[in-house]
Amino acid sequence: MPQGAAVPTTSVALSPYSHGRLSLPNRIAFLATVNNLGRNRAITPELVAFYEERARGGAGLVITEGLSVHPTSVPNGTVPLAFDKELVPGFARLADAVHANDRPIVGQLWHVGRQALWNPGMQPWSPSPGRDPYSGSTPHAMTDAEVLEVMDGFAQSARNLADAGFDGVEIHGAHGYLVTQFLSPSSNQRQDRWGGSTTDRSRFVVEIINAIRERCPDDFVVGLKLTAHEYVDGGIDLEEAQAIVSRIVETAPVEYLGVSQANFSPSLEYHVPDLSFDDVPFAHLAAGVREVAAGTPVMAMAKVPDVETGSDLIERGVADLVGMSRAWLSDPHLVRRVERGETPRPCTYCNTCWHYIHTGRPVTCIYAPETGRELEARDEEASPAASEGRRVRVIGAGLAGLETARVASRRGYEVDVYEESSQAGGRLAREADIPGRERMGLATQWLQKAAVREGARVHLGEQVDAEVIREWNADDHVVVAVGAQPVVDDLDGAAAYSLADAWETRAELGGPVVIVDEMEDDPTYAVAISLANDGHEVAVVTRRDAVARNVAYVSRIGVLRRLDEAGVVLHTQLLPVRVDDGVLVARHVFSGKERRLGPVKTIVRAGPLAAARSPVPPGVDAVVVGDASAPRPYEAVFREAHTVAAHLDRIQP
Ligand SMILES: Cc1cc2nc3c(=O)[nH]c(=O)nc-3n(C[C@H](O)[C@H](O)[C@H](O)COP(=O)(O)O)c2cc1C
Ligand code: SF4
């Protein structure tokens, strides 16, 4: 069965699940996902709608994003404060919205500890004073009284959420935050009762669990998300995680154990595995934890791409429950779609969503129109349908053209899409041809099928020119989505290739190859790595002070690792100016000093892009969308096309 395909609703993952205090309508949870939709540290209508949509979409358990448990853990103003009693009414609105869809909700309790992330100005607390490898902050080593104070923060936060009507909490013991910092021998060097042996390092979380039990109702669920392998020297490995879990199930049993991996160090690459990883790359960790969990339900996670794979994990005894985050961002109605026999919008695992939240922006998805703007999307759904017989002509079947076609058809327009090449998908489909980027193709495949299912006619290999366009009915909406083309200026002394041409003719390229990087995005580095792996000498030159600025940091680690492994040389803050006798000369962007970088045979221009020429003749009204209006990242192009198509009735042809 193809990835993301509909599965029978008899699937074990979609059957109800009960165990002790846990009672779930199905076994597919929506994992904790920071969304930056909170404001002033409180719950907003946008944030409620974000969760409500996943509850409506059939999540078996809704787990909120990390909620702050103490004033020393307030990463930014979008993180809601669970420890603040004043905010209980807002949390109650959230719980009510999820319950209205018959779904349970637990709040994730989070203390960042020394991993101060977005607010290093705050005083970071940690069990020991060792410097944090990600934020670079050096923490204050907590006193005994401060340890007890933070534990009380966890318990009070749980109580507040219980008062708000939540079904339970999940303690965030993963990803290198405060609870992991206590559990891990690499960050906890204390000699008192909070450090040393596994028993002593586990005391912090064990006592938090017990304190929550004391403060909350009997039927209140307590889950624990753990890092079962930190992938750092001297850190928690699976064996140590098993020892920790054995201690917890013996002394402070929980309702479920979520099994995650890595922390915010170089192992961050594993934390939200991207498209370069195989599916379910860390299932062995869940299986290992389940061996010692003494019957406590275990939740597997990390790149579980679809419900069918989730069912397989359960059937093979790897886990009892399955958690997904990004698959619910790319399709908020994941489970409902499967139940209806439809194919959910598959996640490409590009990590753009993660990039957005870690750069302080509301969560988004490259091609899910609702994600991060659920309220607006509801208004769009409610906007009036097209009057009968209205027609839309879309020129170009890239990301923007396909989304325009999908939405316009859904709204009742008769839609024709004209694409001059033999393949739909444009820039995104071309990216999917590069090794390591194949999964990006799922986005355009899904969009094309969805547009056709809604009734759009996609004419591939059909070019339209001014003459054809003039013959169209003047009442037709004309949408220009012809995309963009690379700007390929030759260098003084050497001809240049575009990235796409270099890739297509790679067998004949002469080396050494220099790629002039103006895109700072994944396809450039994927081509560089492939060319180097094919035996070329490859260098990347950028005018920026670092490469890969447009790659999510969590994926950038893998990009930089693969570039280094392939032997690609990186030059920063330089602009190539000419080739002298086969040697590339570049100028420093700030000092203006020139330097000779070494021999070069092939110059490749990776961007910039320029909008392609519209074929629409003067006198014909048209709307220009996507790269054709201004080349931008996928999510911006997609969003614009979606909005235009959703409001076509307001545009007079
Ligand atoms: C945008 C985003 C925000 C996240 N926020 C949290 C969080 O608040 N707490 C947490 O424990 N994990 C967080 N994670 C990690 C996920 O819960 C999950 O462990 C990880 O993404 C792997 O699951 P997936 O492959 O289904 O996305 C986040 C992941 C993403 C992509
Ligand atoms: S932005 Fe990329 S990784 Fe995130 S949900 Fe969308 S497709 Fe998946």
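Below or above, wherever it landed, is the structure these notes cover. From a predicted model like this one, the values you see are computed outputs, not experimental measurements.

Reading guide: rules and limits
Residues numbered from 1 in each chain as written. Chains lettered and ligands numbered in written order. Predicted model: local features only at pLDDT ≥ 70, side-chain atom pairs only at ≥ 80, totals over all residues. Heavy atoms only, no water. Pairing = 2+ DSSP bridges. Helix = DSSP H or I, 4+ residues; strand = E, 2+ residues; numbered from the N terminus. Axes fitted to C-alpha atoms, helices over the stretch in contact; angles between N-to-C directions. Contact = heavy atoms within 4.5 Å. Near = heavy atom within 4 Å. Nonpolar A, V, L, I, M, F, W, Y, C, P; charged D, E, K, R; others polar. Core = buried A, V, L, I, M, F, W, Y, C linked by side-chain atoms within 4.5 Å. Buried < 20%, exposed > 50% of the residue type's maximum accessible area, 1.4 Å probe, protein only. Domains from an automatic or database assignment. Lys, Arg positive; Asp, Glu negative; His and termini not counted. Salt bridge = Lys/Arg side-chain N within 4 Å of Asp/Glu carboxyl O. Polar contact = N/O pair within 3.5 Å; in protein donor to acceptor, adjacent residues only side chain to side chain. Areas by Shrake-Rupley, 256 points an atom, 1.4 Å probe, with all protein chains shown as cover.

1. What to know about the sheet that holds strand E5 (residues 105-110)
Then, number 1: Pairing within the closed barrel is parallel, and its eight strands lie in the order E3-E4-E5-E8-E9-E10-E11-E12. Averaged over all adjacent pairs, the angle separating strand axes in this sheet is 30°, with direction ignored.
Then, number 2: The pairing of strand E8 (residues 168-173) with strand E9 (residues 221-227) spans six bridges and is parallel. Directly across from Ile171, in E9, lies its bridge partner Leu224.
Then, number 3: Contacts from helix H7 (residues 283-292) reach strand E10 (256-260) and strand E11 (298-300) within the one sheet, and its direction differs from that of E10 by about 145°.

2. Digging into the sheet that holds strand E13 (residues 391-395)
Sheet strands line up and pair through hydrogen bonds in the backbone, either parallel or antiparallel.
Then, number 1: Here we have five strands laid out as an open sheet, ordered E15-E14-E13-E16-E27, and parallel in their pairing. Only two strands of the sheet have a single neighbouring strand rather than two, namely strand E15 (457-460) and strand E27 (623-624).
Then, number 2: Here two bridges tie strand E16 (residues 477-480) to E27, and the two strands are oriented parallel to one another. Of the residues in E27, the one forming a bridge with Val480 is Val624.
Then, number 3: The sheet contacts of helix H13 (residues 399-410) involve E13, strand E14 (414-419) and E16, and relative to E14 the element is tilted by about 165°.

3. Some details on the site of ligand 2
Then, number 1: In the vicinity of ligand 2, the residues found are Arg326, Leu329, Ser330, Cys347, Thr348, Tyr349, Cys350, Asn351, Thr352, Cys353, Cys365 and Ile366.
Then, number 2: Residue composition of the shell around ligand 2, by class: seven nonpolar, four polar and one charged.

4. Quick notes on the nonpolar core
Then, number 1: Formed by 138 residues in total, the largest nonpolar core has its most connected members in Ile171, Phe204 and Ile212.
Then, number 2: At seven residues, helix H3 (residues 144-163) tops the list of elements feeding residues into this core.
Then, number 3: Composition of this core by domain shows at least three residues from each of domain 1 (12-377) and domain 2 (383-484 + 610-650).
Then, number 4: If we skip the residues at most four places from it in the chain, Phe204 touches Val147, Val150, Met151, Phe154, Leu178, Val179, Phe182 and Trp194.
Then, number 5: Core analysis: the second largest hydrophobic core is formed by 25 residues, Ile434, Leu509, Val559 and Val604 among them.

5. Remarks on the side chain of Lys225
Then, number 1: In this fold, Lys225 is placed in strand E9.
Then, number 2: In this structure, Lys225 is buried with no salt-bridge partner, the nearest side chain bearing the opposite charge being Glu170 at 5.0 Å.
Then, number 3: Beyond its immediate stretch of four places on either side in the chain, Lys225 contacts Gln108, Glu170, Ile171, His172, Gly173, Ala174, His175, Gly258, Ser260 and Met301.

6. Observations regarding the site of ligand 1
Then, number 1: The full set close to ligand 1 counts 21 residues, and Ala32, Gln108, Lys303, Ser325 and Arg326 are the nearest of them.
Then, number 2: Between ligand 1 and the protein, one listed contact pairs an oxygen atom with a backbone N or O atom of Ala32 at 2.7 Å.
Then, number 3: When isolated, ligand 1 has an accessible area of 610 Å², and the protein chains bury 97% of it.
Then, number 4: At the level of elements, strand E4 (61-68) and helix H11 (352-357) are the ones that each hand at least two residues to the shell around ligand 1.
Then, number 5: For the shell around ligand 1, a count of residues per class yields 10 nonpolar, seven polar and four charged.

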